Amino acid sequence: MEQQGGPQILEETVKFSFPDPDRELRAVRLHQDLVRPRNGPEFVLLPGDRGWVLHFPRLDVNRMEYKLELVHPDGGSEWLCDPWNDKRVGGAFGDKSVVEFDGYQPPAWLSQEAPAGTIEPFEIRSRAARTRVEGLMWTSPGSDPDAVLPLLVAHDGPEYAHLSALTHFLEVMVAEDRLPPMRAALIKPPADRNETYSASAAYARALAHEILPRISEMAPTPHGRRMRAGMGASLGGLSMLHVHRLYPASFGALFLQSGSFFRQRFDKQESGFPRFRRIARFVGQVLTAQVWAHPIPVTMTCGTVEENLTNNRATSEALVRQGYDMSFVHNRDAHNYTGWRDTFDPHLVDLLAKAWA
């Protein structure tokens, strides 16, 4: 019998198959980001030479990223993309295989051509954060280096550019006159990202008083916060909100994706994170505040199957009560750069157009 591997989309499940005609494997596991445990479930070995099979339930998503773990007789294991699935996608932890369900279409702007902007590296020494902050400065095509332009500041910016095609997106939007000529400061994640982006007062002070002023020298921006927007995903989104709450003059708008707004009530599964309590204290202050003197336009996006969805909703509702011009977007995906990318149009465009009008 010729064995067939790979995913098969059924009405209520996705059937994953992995041939093993010589019975060389002890186990096969599916690694995915939709449900816990992430390192599971395990495949079932069928009788005879029919290999390993798993029926995984279809959830409220348009696509599903995964890897396979093969466990060998000696107990050793290896992770790999599904060799029987040609669809791959890049991610923060390497390539993954992907299942795309009926009706899913990548955004049209991905295949559109547009003049390329310029990209220059930068490095800023921060005494407050005791580190060097590195990044890339993207400028829309044809812009004078000394021109005063609106600015988008992105945490994990090089990853956004590489894995979510952020700079290409901005190039297409500028070419179509949906966004004005602009710049984007793509801040590279620090080596201690979990520490730096976890509601760190030192980093907030560094960004507000050292990094943003230095960026404004390199990339002239209109005076004041209105023409400067911040964006970030996961911890990067949390950190952007934290900087805004401590230093309201920093940004005139925020685009926050799947923010790590941890609370003890919602996120006990994250309680082992080293800075969980610090994050929970900050988020608790946001949720319990009755008024806020410096509201700005904010757009939040979060995947329909994310554990962060509950805390993102709670944070959004608190900001609405406090007078923020708030938009909340449910995206039929999980916690990954492709899902974040798929919300750029129209939601990032709408936010920047609103803030920079």
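Nothing here was measured: the structure is a model prediction, and the numbers come from that model.

Description of unusual backbone geometry
So, step 1. Following Arg36, the chain continues to Pro37 via a peptide bond in cis, the omega torsion being -5°.
So, step 2. With respect to the helices, strands and loops of the structure, Pro37 is situated in the loop between strand S3 (27–32) and strand S4 (39–42).
So, step 3. With an omega of 10°, the peptide bond between Gly40 and Pro41 qualifies as cis.
So, step 4. Along the chain, the position of Pro41 falls in strand S4.
So, step 5. Even without glycine at this site, Asp156 takes up a positive phi of about 55°.
So, step 6. With respect to the helices, strands and loops of the structure, Asp156 is situated in the loop between strand S13 (151–155) and helix H1 (157–164).
So, step 7. Judged by its relative accessible area of 3%, Asp156 is buried.
So, step 8. A positive phi is found at Ser234, a non-glycine position, where the angle reads about 60°.
So, step 9. Looking at where Ser234 falls in the secondary structure, it is placed in the loop between strand S15 (228–233) and helix H5 (235–246).

Considering empty space enclosed by the protein
So, step 1. In this structure the tally under the stated criterion is two cavities of 30 Å³ or more.
So, step 2. The volume enclosed by the largest cavity comes to roughly 50 Å³.
So, step 3. Residues of the lining of the largest cavity, tallied by class, amount to three nonpolar, one polar and four charged.
So, step 4. Approximately 40 Å³ is the volume found for the second largest cavity.
So, step 5. Along its surface, the second largest cavity is lined by Ser258, Thr301, Cys302, Gly303, Glu306, Asn331, Ala334, Gly339, Trp340 and Thr343.
So, step 6. Put simply, the parts of the chain that give the lining of the second largest cavity at least two residues each are strand S17 (297–303) and helix H8 (337–341).
So, step 7. Counting residues per element, the lining of the second largest cavity draws most heavily on S17, at three residues.
So, step 8. Tallied by class, the residues present in the lining of the second largest cavity amount to three nonpolar, six polar and one charged.

Brief notes about the pairing of strand S14 (residues 183–187)
On a regular strand, one side chain projects to one face of the sheet and the next to the other, so that they alternate.
So, step 1. Among the five residues of S14, five are classified as buried, and the element is accordingly described as predominantly covered.
So, step 2. Where burial is concerned, the two faces of S14 agree: the one with Arg183, Ala185 and Ile187 and the one with Ala184 and Leu186 are both buried.
So, step 3. Inspection of the sheet shows strand S12 (residues 131–139) paired to S14 by five bridges, in the antiparallel sense. Across the sheet, residue Leu136 finds its bridge partner in S14, namely Leu186.
So, step 4. When S13 meets S14, the two strands line up parallel, connected through five bridges. In the strand pairing of S14, Ala154 is matched with Leu186.

Things to note about the side chain of Asp333
So, step 1. Within the secondary structure, Asp333 is located in the loop between strand S18 (325–331) and H8.
So, step 2. For Asp333, a relative accessible area of 2% translates into the label buried.
So, step 3. At 2.9 Å, the side chain of Asp333 and the side chain of Arg63 are in polar contact.
So, step 4. Those residues in contact with Asp333 that sit more than four places away from it in its chain are Val61, Arg63, Gly303, Thr304, Val305 and Gly339.

Quick word on the layout of surface pockets
So, step 1. The volume enclosed by the largest pocket comes to roughly 1,000 Å³.
So, step 2. What lines the largest pocket is a set of 31 residues, among which Asp33, Phe93, Ser234, His335 and Trp340 lie closest to the centre.
So, step 3. Counted by class, the lining of the largest pocket contains eleven nonpolar, nine polar and eleven charged residues.

What about H1?
So, step 1. Those residues of H1 lying buried are Gly157, Tyr160, Leu163 and Ser164. All buried residues of H1 project into a common sector of 145° when viewed along the axis, lining one side.

What about the packing of aromatic side chains?
So, step 1. Scanning all chains against the criterion turns up twelve aromatic pairs.
So, step 2. With centroids separated by 6.1 Å and ring planes inclined at 25°, the aromatic side chains of Phe262 and Phe276 adopt a geometry described as stacked. In this pair, Phe262 sits in the loop between strand S16 (253–257) and helix H6 (276–288) while Phe276 sits in helix H6, placing the two residues 14 residues apart along the sequence. No difference in accessibility class separates Phe262 from Phe276, as the two residues are buried.
So, step 3. Between Tyr337 and Trp340, the aromatic rings sit 4.9 Å apart at their centres with planes inclined by 80°, giving edge-to-face as the arrangement. With Tyr337 and Trp340 both in helix H8 and three residues apart, the pair spans about one turn of that helix. We note that Tyr337, like Trp340, is buried.
So, step 4. Ring pairing ties together the aromatic residues Trp109, Tyr160, Phe169, Phe255, Tyr337, Trp340 and Phe344, which thus form one cluster.
So, step 5. Against the face of Trp292 rests Arg245, its NZ or CZ located 3.8 Å from the ring centre.

Some points on the pairing of S15
So, step 1. Burial of S15 is extensive: six of the six residues sit out of reach of the surface.
So, step 2. What you see with S15 is no split at all: Arg228, Gly230 and Gly232 on one side and Ala229, Met231 and Ala233 on the other are buried throughout.
So, step 3. Two strands pair when backbone bridges link them, and S13 and S15 are joined in this way by four bridges, in the parallel orientation. Note on S15: the bridge partner recorded for Ala154 is Met231.
So, step 4. With five bridges joining them, S15 and S16 adopt parallel strand pairing. Looking at S16, one finds that Ala233 is bridged to Gln257.
So, step 5. At this point the chain moves from S15, through H5, to the parallel S16, and the crossover so formed is right-handed.

Calculation criteria
- Residues numbered from 1 in each chain as written.
- Predicted model: local features only at pLDDT ≥ 70, side-chain atom pairs only at ≥ 80, totals over all residues.
- Heavy atoms only, no water.
- Helix = DSSP H or I, 4+ residues; strand = E, 2+ residues; numbered from the N terminus.
- Buried < 20%, exposed > 50% of the residue type's maximum accessible area, 1.4 Å probe, protein only.
- 1 Å grid on protein atoms, 1.4 Å probe; cavity = no way out; pocket = protein on both sides within 12 Å on 5 of 7 lines; lining within 4 Å.
- Points joined across faces, edges and corners; volume = space filled by probe spheres on them.
- Nonpolar A, V, L, I, M, F, W, Y, C, P; charged D, E, K, R; others polar.
- Pairing = 2+ DSSP bridges.
- Polar contact = N/O pair within 3.5 Å; in protein donor to acceptor, adjacent residues only side chain to side chain.
- Contact = heavy atoms within 4.5 Å.
- Arc of directions from axis to C-beta.
- Phe/Tyr/Trp six-rings, centres within 6.5 Å; stacked < 30°, edge-to-face > 60°.
- Lys NZ or Arg CZ within 6 Å of the ring centre and 35° of its normal.
- Right-handed = clockwise from strand over helix to strand, strands pointing away.

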